[in-house]
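One-letter residues, chain by chain:
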Amino acid sequence: MNSILQPAAAASRSYRVVRSTGASRVGGVVLLAATAALLSAPWWADRADMRFATEFLYVLALAQMWNLLAGFGGVISIGQQAFVGIGAYALVFFTMKMGLDPFASVALAGIVAAALAIPTAAIVFRLQGAYFAVGTWVVAETFRLLVANSSWLGDGSGLSITSAFRGMTPWWRDASSMWVAVVLGMGSTIALYLVLRSRFGLALKAIRDSEPASESLGVKVTATKWVMYVASALGCGCVGALAFITKLRVSPDSAFSLDWTTTMLFIVIIGGVGTIEGPIVGAVFYFGLRWLLADYGSLYLITLGLLAVIIVLRLPQGLWGYLAARFNLTFFPVQRRVVMGDEVK
Amino acid sequence: MAEWTNTILQGLMLGGLYAMFAIGLSLTFGIMRIVNVAHGDMIIVSAYMAFWLVETFHMDPFASLLIVIPVMAILGYILQRTMLSRALSGGILVPLMVTYGLSVILQNVLMEVFSANSRAMRVEGLDTASLSLGGGIAVGVYPLIVMCTAIAVIFILQLVFAKTPLGRSFRATSDDQSTAQLMGIDNRKVYALAMALSFAIVALAGIYLGMRTTFDPAAGPSRLLYAFEAVVIGGLGSLWGTLAGGMVLGVSQAIGFRLDPGWGVLSSHLAFLVILVLRPRGLFPRMRDR
């Protein structure tokens, strides 16, 4: 009994809190190298590859936004397509109605989505848990129907934004899309990594693990959840604008499609919810499977759905979570580990 | 005036169908605390099952109930025992994701089997028949049948909850799952029976939907949303509240549609959001004894 209280005993087994690992230093270097390579892609890659990389990166950004909500904040939304759609229609507004540059509009679209996320949060946060999830979906449907009934925004059939690119060379359009996609895809991954290592990230994870416990320790649960929800909407809004820059035609059904959320969900669940690496692995898997099953129509979604169900039941930590636990790997560590004195190198 | 009365009456009757969508959802949420995201797709699967029976064996749509209801109930039981019971232990994420995955799978399987074309089941004469109430006010016979069925289903369920051992185990499990287990209730069996009951009502709702409007493989999610809205408007745990919730949705949809055909569904979503803001716990929270 006495020995536990003696400071000398504690001192003999000194410990420290460690965050980086050997792999994490490799992870940081690889991430920076990949970002540099992607930014220079317009000078060495061909068009098809660049378009693919652009889509990969914005889908990765979407997945990270959903991962932020579900994996770190414990808030499960199936209505993030609301903010993708709002971003897409903000793009229509800023380019077609205000005559602004499409790529400058991407940031503005994110701000519009974030602004609309505030009243949305006021409504949906009245619901809890699974009901919150379906509630966000109702809100997304409401936004879709409001847009579909607005003749100013092109009604249900949508409108083309091709004329916003008049006078722009195709190379510049593809290159700018690529750069914006790098900022969104890599940026969201890096931002999530940095935020999660901060005090705010610690608060998020505490809320995910137990709301009452974190509240009793002084975490401002409501405010933290709001900030996270609005941040996620900001990311989804930017992606919505960029996605439709590459598609050139915006309609309520495609902009507010549930498929956006299905994509986010499947990528994060398959890759591993609650890790930075998970969505990257999930996105590689998602696009790989799409490429493999390109000729089989709806079989692709059936396979993806089956995999998601099996993984969520058998490997709730996802593919990355399984690998990370098996080989003790973390490229982007967001947890703190205690290392005892004699283990410290 | 009579026109508006008719509109509101139509909306009220439509509420019967929405309540039928919602009862199964309310039941499984009340007992297991999970939201089955594939609920709407199960409604559409039932409609396709009946459609297939009607097309292949020239069966009367009402007669198909005798086959589709038991088949769906058995499917519900099996689904719960095999997949969902495994998901229940994993917080809210796991059951949501499993049923979400199921929803995507079902939609795409229906697409493969029945193509994306929309289908309908016609009952000769029934779709146009109406009862005149005088003064230019009339109510369709078919919507009236749906409404009476919804009321009967709720009435029977209330009796089951109040009077039978099964209902008692439902209520006990809903109140406190672990204590119920201590008292000798096998909660996995109770859950599976609740899911079977929910699926039986889903089957009824699906066939009634199929006789009223066209449906296609992607029609499930919007049915889930109506069901969900009716449950929340009515107040969790109250079946009569769910019926009232369905009526609120139906009436707002009918009024919206009358003002502008594009506003029908939008109005019911807006009505739901307004009620959520004004009365977050619904109109009749926890009316049922529990």
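Note that the structure is a prediction, hence the values are computed from the model and not measured.

Enquirer: Explanation requested: the overall build of chain B in the structure shown.
Expert: Helix and strand counts for chain B come out as eleven helices and two strands. Going residue by residue from the N terminus, the α and β elements of chain B occur as α-α-α-α-β-β-α-α-α-α-α-α-α. Here chain B has a C-alpha radius of gyration of 19 Å; the compact-globule value for 290 residues is 19 Å, and the two agree. When the backbone C-alpha atoms are referred to their principal axes, chain B occupies close to 60 × 45 × 35 Å. Taking contacts inside chain B between residues at least 6 apart in sequence as the whole, the part at least 24 apart equals 77%. Of the roughly 11,900 Å² that chain B leaves accessible, carbon and sulfur atoms contribute 65%. For chain B, the distance from the average position of its 18 positive side-chain charges to the average position of its 14 negative side-chain charges is 13 Å.

Enquirer: So what exactly am I meant to see when it comes to the overall build of chain A here?
Expert: Across its full length, chain A carries 16 helices and four strands. Relative to a compact globule of 345 residues, whose C-alpha radius of gyration would be 20 Å, chain A shows 22 Å and is just as compact. With the C-alpha coordinates aligned to their principal axes, the bounding extent of chain A is approximately 80 × 50 × 40 Å. A total of 345 residues make up chain A; the buried ones form 54% of that total.

Enquirer: It is not clear to me how the pattern of salt bridges should be interpreted in this structure. Could you clarify?
Expert: If the charged atoms of two oppositely charged side chains come close together, the side chains can form a pair. Residues and elements named next belong to chain A. In the structure shown here, the tally under the stated rule is eight salt bridges over all chains. Across the pair Arg290 and Glu55 runs a salt bridge, and its minimum N-O distance is 3.0 Å. With Arg290 in helix α14 (residues 277–292) and Glu55 in helix α4 (residues 47–72), this residue pair connects regions lying 235 residues apart in the sequence. For Lys225, the salt bridge is made with Glu211, and the minimal N-O distance between the two is 2.7 Å. With Lys225 in helix α11 (residues 221–247) and Glu211 in helix α10 (residues 211–216), this residue pair connects regions lying 14 residues apart in the sequence.

Enquirer: I keep staring at the interface of chain B and chain A and nothing clicks. Help me out?
Expert: Taken together, the 39 residues of chain B in the interface contact 38 residues of chain A. A combined buried area of about 3,600 Å² lies between chain B and chain A, and 83% of that area is made up of carbon and sulfur atoms. Summed over the three residues of chain B that lose the most area to chain A, namely Met97(B), Tyr100(B) and Phe228(B), the buried surface amounts to 18% of that side. The tally of links between chain B and chain A comes to zero salt bridges. At the boundary of chain B and chain A, one finds four residue pairs in polar contact (both at pLDDT 80 or more). The greatest single-element share of the side of chain B that touches chain A, amounting to 13 residues, is contributed by helix α4 (residues 93–114) of chain B. Looking at the side of chain B that touches chain A residue by residue, the classes come out as 32 nonpolar, four polar and three charged.

Enquirer: Help me understand unusual backbone geometry in this model?
Expert: With the exception of glycine, the majority of residues adopt a negative phi angle, and the majority of peptide bonds are in the trans configuration. Residue and element names in this part refer to chain B. One non-glycine residue with positive phi stands out, namely Arg33, at about 60 degrees. Here Arg33 lies in the loop between α1 (2–32) and α2 (39–57). Unusually for a residue other than glycine, His58 sits at a positive phi of about 50 degrees. Structurally, the position occupied by His58 is in the loop between α2 and α3 (61–87).

Enquirer: I'm lost on the side chain of Asp174(A) in this one. Help?
Expert: Residues and elements named next belong to chain A. Of note, Asp174 is situated in helix α8 (residues 170–196). Judged by relative accessible area, which is 7%, Asp174 ranks as buried. Contacts of Asp174, omitting those with residues within four sequence positions, involve Arg47, Met50 and Arg51.

Enquirer: Which parts of the structure should I look at to understand the environment of Asn108(B)?
Expert: Within the fold, Asn108(B) resides in helix α4. We classify Asn108(B) as buried; its relative accessible area is 8%. Sequence separation of Asn108(B) and Met49(B) is 59 residues, and the distance between their C-alpha atoms is 15 Å. Not counting chain neighbours up to four residues away, the residues in contact with Asn108(B) comprise Ser298(A), Leu301(A) and Ile302(A).

Enquirer: Could you clarify how one ought to interpret a nonpolar patch on the surface in this entry?
Expert: A surface patch of nonpolar side chains, amounting to about 560 Å² of accessible area, comprises Trp43(A), Trp44(A), Trp171(A) and Trp172(A). Looking at the element boundaries, Trp43(A) is found in the loop between α3 (22–39) and α4.

Enquirer: Sorry if this is basic, but what is going on with the packing of aromatic side chains here?
Expert: Each aromatic ring pair is described using two quantities: the centre-to-centre distance and the angle formed by the ring planes. As enumerated under the stated definition, the model contains 33 aromatic pairs over all chains in all. Judged by centre distance (6.3 Å) and plane angle (25 degrees), the ring pair of Phe125(A) and Trp226(A) falls under stacked. Of the two residues, Phe125(A) is situated in the loop between α6 (102–124) and α7 (129–148) and Trp226(A) in helix α11; the sequence distance between them amounts to 101 residues. Between Arg258(B) and the ring centre of Trp4(B), over which it is positioned, the NZ or CZ distance is 5.7 Å.

Enquirer: I keep staring at the packing of α7(A) against helix α9 (residues 220–234) of chain B and nothing clicks. Help me out?
Expert: Axes are the key here: two packed helices are described by the angle between their axes and the distance separating the axes. Relative to each other, α7(A) and α9(B) sit at 115 degrees, their axes nearing to 10 Å. Taken as a pair, α7(A) and α9(B) cross one another with a handedness that is left-handed. For the pair formed by α7(A) and α9(B), the contact residues are Tyr131(A), Val134(A), Gly135(A), Trp137(A), Val138(A) and Glu141(A) on the first element and Pro221(B), Leu224(B), Leu225(B), Phe228(B), Glu229(B), Val231(B) and Val232(B) on the second. Along the lines of polarity and charge, the residues of the contact of α7(A) with α9(B) split into ten nonpolar, one polar and two charged.

Enquirer: What is the right way to look at the state of the cysteines in this model?
Expert: Each disulfide consists of one covalent bond between the sulfur atoms belonging to two cysteines. Tallying each qualifying case throughout the model produces zero disulfides over all chains. The structure places no disulfide on Cys238(A), whose sulfur is separated from the nearest cysteine sulfur, that of Cys236(A), by 9.4 Å.

Enquirer: Quick question: what am I supposed to make of helix α16 (residues 318–327) of chain A here?
Expert: Residues and elements named next belong to chain A. Taken together, the buried positions of α16 are Gly318, Trp320, Gly321 and Ala324. All buried residues of α16 project into a common sector of 110 degrees when viewed along the axis, lining one side. Turned more than 90 degrees from where α16 packs its buried face, Arg326 and Phe327 sit exposed. Of the surrounding secondary structure, the elements contacted by the buried residues of α16 are α13 (258–271), α14 and α15 (299–314). Following α16 by one or two positions, Asn328 has its phi on the positive side, about 50 degrees.

Enquirer: Please explain the nonpolar core as it appears in this structure.
Expert: Here is a general trend for soluble globular proteins: nonpolar side chains tend to be buried in one another's company. In this structure, Trp66(A), Tyr229(A), Phe21(B), Met42(B), Met97(B), Val98(B) and Phe228(B) are the most contacted members of the largest nonpolar core, which totals 204 residues. If you tally residues by element for this core, the top one is α4(A), at 16 residues. Setting aside residues up to four positions removed in sequence, Tyr229(A) forms contacts with Leu69(A), Gln80(A), Phe83(A), Ala117(A), Thr120(A), Ala121(A), Val124(A), Phe125(A), Phe132(A) and Thr136(A).

Enquirer: Where do I start with α7(A) in this structure?
Expert: Each α-helix winds once per 3.6 residues, and so residues spaced three or four apart point in a common direction. Counted at 1.5 Å a residue, the expected span for α7(A) with its 20 residues is 28 Å, and the 29 Å between its end C-alpha atoms agrees. The buried count for α7(A) comes to 18 of 20 residues, which makes it a mostly enclosed element.

Enquirer: Help me understand the side chain of Glu141(A), please; the structure alone is not making it clear to me.
Expert: Take Glu141(A): it is sitting in helix α7. Accessibility expressed as a relative area gives 15% for Glu141(A), which makes it buried. What Glu141(A) contacts, discounting residues up to four positions off in sequence, is Leu225(B) and His269(B).

Enquirer: Mind showing me how you'd approach the packing of α13(A) against α4(B) here?
Expert: It is at 11 Å that the axes of α13(A) and α4(B) come closest, and there the two elements cross at 125 degrees. Taken together, the axis directions place α13(A) and α4(B) in an arrangement best described as oblique. Crossing angle aside, the handedness with which α13(A) passes α4(B) is left-handed. Across the interface between the two elements, Leu258(A), Thr261(A), Thr262(A), Leu265(A), Phe266(A) and Ile269(A) of α13(A) pack against Leu93(B), Met97(B), Tyr100(B), Gly101(B) and Val104(B) of α4(B). Each residue belonging to the contact of α13(A) with α4(B) can be placed in one class, and the counts come to eight nonpolar, three polar and no charged.

Calculation notes
- One numbering rule holds for all chains: residues counted from 1, following each sequence as written.
- Chain A is the first chain written and ligand 1 is the first ligand written, with later ones labelled in order.
- Note on the predicted model: pLDDT of at least 70 is required for a residue's local features to be given, and 80 or more for side-chain atom pairs to be given and counted; whole-chain, interface and lining totals, by contrast, use all residues.
- Heavy atoms from the whole structure form the basis of all side-chain values; hydrogens and water molecules are not counted.
- The helix and strand labels rest on DSSP assignments: H or I over at least four residues marks a helix, E over at least two residues marks a strand, and numbering proceeds from the N terminus.
- For this measure, only C-alpha atoms enter the radius of gyration; the expected value for a globule follows 2.2 Å times N^0.38, where N is the number of residues.
- Only heavy atoms enter the contact rule, under which two residues are in contact if any of them lie within 4.5 Å.
- Each accessible area is a Shrake-Rupley result for a 1.4 Å probe, and residues are judged covered by the shown protein chains and nothing else.
- Neither His nor the chain ends is counted toward charge; the positive residues are Lys and Arg and the negative residues Asp and Glu.
- By convention, the point assigned to a charge is CZ for Arg, NZ for Lys, CD for Glu and CG for Asp.
- Note on exposure labels: buried denotes an accessible area under 20% of the residue type's maximum, exposed denotes more than 50%, and partly exposed covers the range between, all computed with a 1.4 Å probe on protein chains only.
- Salt bridges are counted wherever a side-chain nitrogen of Lys or Arg sits within 4 Å of a carboxyl oxygen of Asp or Glu.
- In this description, buried area is defined as the sum, over both parts, of the accessible area (probe of 1.4 Å) that is lost when the two are combined.
- By the criterion applied in these results, polar contacts are pairs of N or O atoms within 3.5 Å in which, for protein atoms, one can donate a hydrogen and the other can accept it, and in which residues neighboring in sequence qualify only through two side-chain atoms.
- Asp, Glu, Lys and Arg are counted as charged, while Ala, Val, Leu, Ile, Met, Phe, Trp, Tyr, Cys and Pro are counted as nonpolar; the rest, among them Gly, fall into the polar class.
- Note that patches include only residues with greater than 30% relative accessible area and no salt bridge, and the join distances are 9 Å for like charges and 5 Å for nonpolar side chains (Val, Leu, Ile, Met, Phe, Trp, Tyr).
- Aromatic rings from Phe, Tyr and Trp, with only the six-membered ring used for Trp, were paired whenever their centres fell within 6.5 Å, and each pair was classed as stacked if the ring planes differed by under 30 degrees, edge-to-face if by over 60, and tilted otherwise.
- By definition, being over a ring means that NZ of Lys or CZ of Arg is both within 6 Å of the ring centre and within 35 degrees of the ring normal.
- Here the axes come from fitting lines to C-alpha atoms, over the contacting stretch only for helices, and the angles between their N-to-C directions go from 0 to 180 degrees.
- Whether a crossing is left-handed or right-handed is set by the direction in which the near helix is turned from the far one by less than a right angle, anticlockwise for left-handed and clockwise for right-handed.
- Two cysteine sulfurs form a disulfide in these notes if their separation is within 2.5 Å.
- In this description, one arc is meant: the one made by directions from the helix axis to the C-beta atoms.
- Only buried residues count toward a nonpolar core. Its members are Ala, Val, Leu, Ile, Met, Phe, Trp, Tyr and Cys residues joined through side-chain atoms within 4.5 Å.
- Take the residue count of a helix, subtract one, and multiply by 1.5 Å to get its expected span.
- Oblique is the label for any angle not under 35 degrees, not over 145, and not in the 65 to 115 range, which are roughly parallel, roughly antiparallel and roughly perpendicular in turn.

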